[in-house]
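# Structural characterization, general
In case you want the letters, here they are:
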Amino acid sequence: MTGPLVVPPGVAPVALPADVPPEVRRRLGECGTLLPPFTDAHVHLGLVDPAPLRAHGVAAVHDLGWVSGAAAAWADDPALPRVLYAGAFLTAPGGYPSDRAWAPAGAVEEVADPDAAAAAVDRQVAAGASFVKVALHGTAGPVPDDATLAAVVGRAHARGCDVVAHAEGPGQVARAFEAGVDRLAHAPFSERLPDELLAAMAARGATRRPMTWLSTLDIHGWGTPTPEHAVALDNLGRFAVAGGRVRYGTDLGNGPLPVGLNARELAALAAAGLGRRSLLTALVGDDPPAGLVSFVPGPAPARADDGAVHAAWLARATVLDLADLRDPAFVPPAAAPGGAA
Ligand SMILES: [Zn+2]
């Protein structure tokens, strides 16, 4: 036996390779719980030292904005989590984040019109991007007009890529949704969204491409919640109740976030109403990396425990490489490696 598996709908169960020796299976089952590998669906590896991520439970990341050449190098590094990336931020001339000190040359492409937008999408795809990031930050400068935004979305979809939008400021979330954006980089925090809009977003996947929200709740105060934190929590909770797709994302690199699973982010998701199954779905997503599993040392909570208990437990996960489990001498980590306080 490999220990209890907690597998939500749509998540493939953890299947240990047949050549994992019985003594390793027994040790794993006695010491903790195996789960599918976890993804942080919003990071900026260029702003952190990513080396600790795997030991602290992150098996894959989605880098949502950097120089594509650097991102390609991370994707080739076997010591890092599996890296999928957006490449450069696409934004209006002078728009966010073209004016930010943390954004190096090459991490931002300013697109003035639909032709420029399509060409910029093509450049990111040619550089290995798996999705495209567009900035709709309406309170920090100009944003792409409707035709340019439509060109970003149309070209990205034609190239097989999702579009992720940083939507901030009044009306920008609705605009992203109407333009066919696939993912919001942040649970909306600028304004309380009406139930009708949330329901429409949650239902879109039934007939068209689904809408997914990346949580990023902890960036609003890093443990000292701000008014935006409360707005985001309320929006996300109602979106989830409406059946909306939520993924765990931290915006790693934005302020004092732990390099690994963020216990505060998971606790905030639980506070928004996500239970055991929804938390795991948010962490695993729909594109888990092959060859890796999550291992949570220590006893698992009871199924009936509330989301906060499960959040704290999941935050203690580490990443195991299935190839390492073939060694009969393999001993799983007995103590929690960390996660974040
Ligand atoms: Zn970000």
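Residues numbered from 1 in each chain as written. Predicted model: local features only at pLDDT ≥ 70, side-chain atom pairs only at ≥ 80, totals over all residues. Heavy atoms only, no water.

## Section: the side chain of Glu-109
Counting through the fold element by element, Glu-109 comes out in strand S6 (residues 108–110). Classification of Glu-109 as buried rests on a relative accessible area of 17%. Dropping the residues within four chain positions of it, Glu-109 is found in contact with Ala-88, Phe-89, Leu-90, Thr-91, Ala-120, Arg-123 and Gln-124. (Helix = DSSP H or I, 4+ residues; strand = E, 2+ residues; numbered from the N terminus. Buried < 20%, exposed > 50% of the residue type's maximum accessible area, 1.4 Å probe, protein only. Contact = heavy atoms within 4.5 Å.)

## Points about the coordination of the zinc ion
Geometry sets the ideal angles at a metal, namely 109.5 degrees for four tetrahedral donors and 90 or 180 degrees for six octahedral donors. Taken together, the protein ligands of the zinc ion are His-42 (NE2), His-44 (NE2) and Asp-251 (OD), with distances of 2.0 to 2.2 Å. The sequence motif formed by the donor residues of the zinc ion is H-x1-H-x206-D. Here the two residues His-42 and His-44 agree in accessibility, since each one is buried. (Donors = N, O, S within 2.8 Å, 3.2 Å for Na, K, Ca; no water.)

## A closer look at the pattern of salt bridges
Applying the stated rule across the entire model yields 18 salt bridges. As a salt-bridge pair, Glu-30 and Arg-26 come within 3.5 Å of each other at their nearest N and O atoms. Of the two residues, Glu-30 and Arg-26 both sit in helix H1 (residues 22–31), 4 residues apart, roughly one turn of that helix. The class of Arg-26 is partly exposed, set by a relative accessible area of 44%. Overlapping salt bridges, with partners in common, bring together Asp-162, Asp-182, Arg-183 and Arg-209 in one network. (Salt bridge = Lys/Arg side-chain N within 4 Å of Asp/Glu carboxyl O.)

## Quick look at the side chain of Thr-148
Among the secondary structure elements, Thr-148 is positioned in helix H4 (residues 146–158). Here Thr-148 falls in the buried class, since its relative accessible area comes to 1%. Setting aside chain neighbours within four positions, we find Thr-148 in contact with Val-111, Ala-112, Asp-113, Pro-114 and Ala-117.

## Notes on the packing of aromatic side chains
One pass over the structure, following the stated rule, counts 3 aromatic pairs. Ring geometry for Tyr-96 against Trp-102: centres 6.3 Å apart, planes inclined by 70°, an arrangement best described as edge-to-face. Residue Tyr-96 is classed as buried on the basis of its relative accessible area, which comes to 11%. An angle of 10° between the planes, with centres 4.0 Å apart, marks the rings of Trp-213 and Phe-239 as stacked. Placement of the pair is Trp-213 in strand S10 (residues 212–214) and Phe-239 in helix H7 (residues 227–241), with a sequence separation of 26 residues. (Phe/Tyr/Trp six-rings, centres within 6.5 Å; stacked < 30°, edge-to-face > 60°.)

## Regarding the pairing of strand S2 (residues 39–43)
In the case of a regular strand, side chains alternate between the two sheet surfaces. Extensive coverage of S2 is indicated by the burial of 5 of its 5 residues. Strand direction decides the pairing type here: S2 and strand S3 (residues 60–63), joined by 3 bridges, are parallel. Looking across to S3, one finds that Thr-39 is bridged to Ala-60. (Pairing = 2+ DSSP bridges.)

Any functional reading would require information beyond the geometric quantities listed.
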